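The chain contents come next:
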Amino acid sequence: MEFIKIEVARREAKGTTASRRVRREGRVPAVLYGLGRPNADLTIAHEELERFFATGSKLIELRLGEKAQQAILRDVQHDPLTDAITHVDLLRIDENHEIEAAVEVTFKGVAKGLSDGGVFESVLSQVLVRSTPARLPKALVVDVSGLALNQAITVKDLPLPEGVKVTRHKPDDHVCHVVVQKVVSLEPVVPAEGGPAEPERIGGKKPEEGEGEEAAAAGKAPAKKDEKKDAKK
Amino acid sequence: MATMPKRVKFRKSQRGKIRGVAQRGNEVSFGEFGLQSLTPAWIPANVIEACRVAAVRGAPEGRLFIRIFPHKSVTSTPEETRMGTGKGEPDYWCAVVKPGTVMFELGGVDETTARTTFNHVAHKLPIKVRMVRRRHR
């Protein structure tokens, strides 16, 4: 994975109002942290970020005037409705030291188990790996064409480049598998007759015999009163 | 009546207001494609069930994830009832949905199938929705 150069600017004002002002100007608020140094509040031009995302790389070389700092993209926040990028988290890195990063897993081919009535399910869409920044892959491409029914590709089967180790996942964890299709009912779910019409009440008293009838009688009483009132009128 | 909670602390709830946009449950987390609400609404349990049936019919080979649940009871008073006499009895259960909530997700299907299926599901819903894709970071 290569470093993408991006021009950044310092952000003096903090908080919601200041961040909104930054976004109106076509820039995105960002924060840079890590390596035991104090956090730095930055802004990045929206077009620069779009260009960076298009490359598929996660490594950035931040340029602030004369200074340069290498970083990795840690988190991106989006507006849930407009999909606009609202904030970016960056982690300082040193190119000689190993880092932990999430790498996307992509699948190639059509599993042969699908023709036997199986369903392909991807369990892990990304895996956490540890390596030096230069060796970090953009994505791990897994060939699933040989996957038969009830077979799985596990973490230990992943095609890892040299110097890249998977962390936090167990070797037997499934990355993807082809399983027998579950029979899903097409009929609408209707509660069985005699089943509870209402949820059980937590801490509520269980209705004793005859209590339900009394309650029903109490409910009818106001109706009788109404009838009397109508008769008077 | 479709799904409802198994146990509740209170049978009846106040109406409340749906303010703002969804701050959680607003991303595709389980499948590859999702159906996101664009307007606030109460989605009744029978509508969720109708959506499930429509989605299973549309994509029988895929896996469906339903990410909303009817936690809220809605009461109603019978017709021709005089004013007063207290709050009505629970009529149905609904899910409170904010704009941005990903209500349904589909995995193991291609984009065309997902789009067709979600189009059928959208016809069952009383709100505006859109299809969203999982974000890979």
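Keep in mind the model is a prediction, meaning the values are calculated, not measured.

Visitor: For the overall build of chain B, give the residues involved together with the corresponding values.
Guide: The secondary structure content of chain B amounts to 2 helices and 8 strands. Listed N to C, the secondary structure of chain B is β-β-β-α-β-β-β-β-α-β in terms of helices and strands. Looking at chain B as a whole, 44% of its 137 residues qualify as buried. Contacts in chain B between residues at least 24 apart in sequence constitute 81% of all its contacts with a sequence separation of at least 6. Considering chain B, the positive charge centre built from 25 side chains and the negative charge centre built from 11 side chains are found 9 Å apart.

Visitor: Summarise the overall build of chain A; cite the residues concerned and give the values.
Guide: A count of helices and strands for chain A gives 3 helices and 14 strands. Burial statistics for chain A: of 233 residues in total, 35% are counted as buried. Looking at chain A alone, contacts between residues at least 24 apart form 65% of all its contacts between residues at least 6 apart. Here chain A displays about 14,600 Å² of accessible surface, and carbon together with sulfur accounts for 51% of that area.

Visitor: How would you sum up the domain arrangement of chain A? Please name residues and give values.
Guide: Residues and elements named next belong to chain A. In terms of domains, chain A is made up of domain 1 (4-93) and domain 2 (100-180). Distance between the C-alpha centres of domain 1 and domain 2: 30 Å. Tallying the contact residues gives 8 residues for domain 1 and 6 residues for domain 2. Among the residues of domain 1 in contact with domain 2, Lys-58, Leu-59 and Arg-74 are the three that bury the most area, contributing 54% of the side total. Connecting domain 1 to domain 2 are 0 salt bridges. Run the count over domain 1 and domain 2 and you get 3 residue pairs in polar contact (both at pLDDT 80 or more).

Visitor: An account of the interface of chain A and chain B is needed here, citing residue identities and associated values.
Guide: Each partner contributes to the interface: chain A provides 36 residues, whereas chain B provides 35 residues. Between chain A and chain B the total buried area reaches about 3,100 Å² when both faces are included, carbon and sulfur atoms providing 51% of it. Summed over the shared surface of chain A and chain B, the number is 5 salt bridges. B:Arg135 serves as the salt-bridge partner of A:Asp83, at 2.7 Å between the closest nitrogen and oxygen.

Visitor: An account of the pairing of strand 5 (residues 67-78) of chain A is needed here, citing residue identities and associated values.
Guide: Residue and element names in this part refer to chain A. By the bridge criterion, 6 bridges tie strand 4 (residues 59-64) to strand 5 in an arrangement that is antiparallel. Looking at strand 5, one finds that Leu-59 is bridged to Ile-72. The hairpin formed by strand 4 and strand 5 contains 2 residues between the paired strands, and Gly-65 there has a positive phi angle of roughly 65 degrees. In the sheet, strand 5 pairs with strand 6 (residues 85-92) via 7 bridges, with the strands oriented antiparallel. Each residue of the ladder has a partner; that of Leu-73, found in strand 6, is Leu-90. Counted along the chain from strand 5 to the antiparallel partner strand 6, the turn is 6 residues long, and its residue Asp-83 has a positive phi close to 65 degrees.

Visitor: So, the nonpolar core: which residues are in play, and what are the values?
Guide: Within the largest apolar cluster, 26 residues are counted, with the highest numbers of intra-cluster contacts made by A:Ile72, A:Leu136 and A:Leu147. Where this core is concerned, the elements lending two or more residues are strand 7 (99-108), strand 9 (126-131), strand 10 (139-143) and strand 13 (174-180) of chain A. No other element matches the 4 residues that strand 7 of chain A contributes to this core. For this core, the domains that each give at least three residues are domain 1 (4-93) and domain 2 (100-180) of chain A. Counting 24 residues, the second-largest nonpolar core is a separate cluster that includes B:Ile48, B:Ala59, B:Val121 and B:Val129.

Visitor: Just give me the short version of the layout of surface pockets, but keep the residues and values in it.
Guide: Any empty space left between atoms is shown by rolling a water-sized probe over those atoms. Of the volumes computed, that of the largest pocket is approximately 890 Å³. If you trace the largest pocket, you find 32 residues lining it, with A:Phe120, A:Ser122, B:Gly107, B:Gly108 and B:Val109 closest to the centre. Residue assignment for the lining of the largest pocket shows that the elements contributing at least two residues are strand 7 and strand 8 (118-122) of chain A together with strand 4 (63-66) of chain B. If you tally residues by element for the lining of the largest pocket, the top one is strand 8 of chain A, at 5 residues.

Reading guide: rules and limits
Residues numbered from 1 in each chain as written. Chains lettered and ligands numbered in written order. Predicted model: local features only at pLDDT ≥ 70, side-chain atom pairs only at ≥ 80, totals over all residues. Heavy atoms only, no water. Helix = DSSP H or I, 4+ residues; strand = E, 2+ residues; numbered from the N terminus. Buried < 20%, exposed > 50% of the residue type's maximum accessible area, 1.4 Å probe, protein only. Contact = heavy atoms within 4.5 Å. Lys, Arg positive; Asp, Glu negative; His and termini not counted. Charge placed at Lys NZ, Arg CZ, Asp CG, Glu CD. Areas by Shrake-Rupley, 256 points an atom, 1.4 Å probe, with all protein chains shown as cover. Domains from an automatic or database assignment. Buried area = accessible area lost by both parts, 1.4 Å probe. Salt bridge = Lys/Arg side-chain N within 4 Å of Asp/Glu carboxyl O. Polar contact = N/O pair within 3.5 Å; in protein donor to acceptor, adjacent residues only side chain to side chain. Pairing = 2+ DSSP bridges. Core = buried A, V, L, I, M, F, W, Y, C linked by side-chain atoms within 4.5 Å. 1 Å grid on protein atoms, 1.4 Å probe; cavity = no way out; pocket = protein on both sides within 12 Å on 5 of 7 lines; lining within 4 Å. Points joined across faces, edges and corners; volume = space filled by probe spheres on them.

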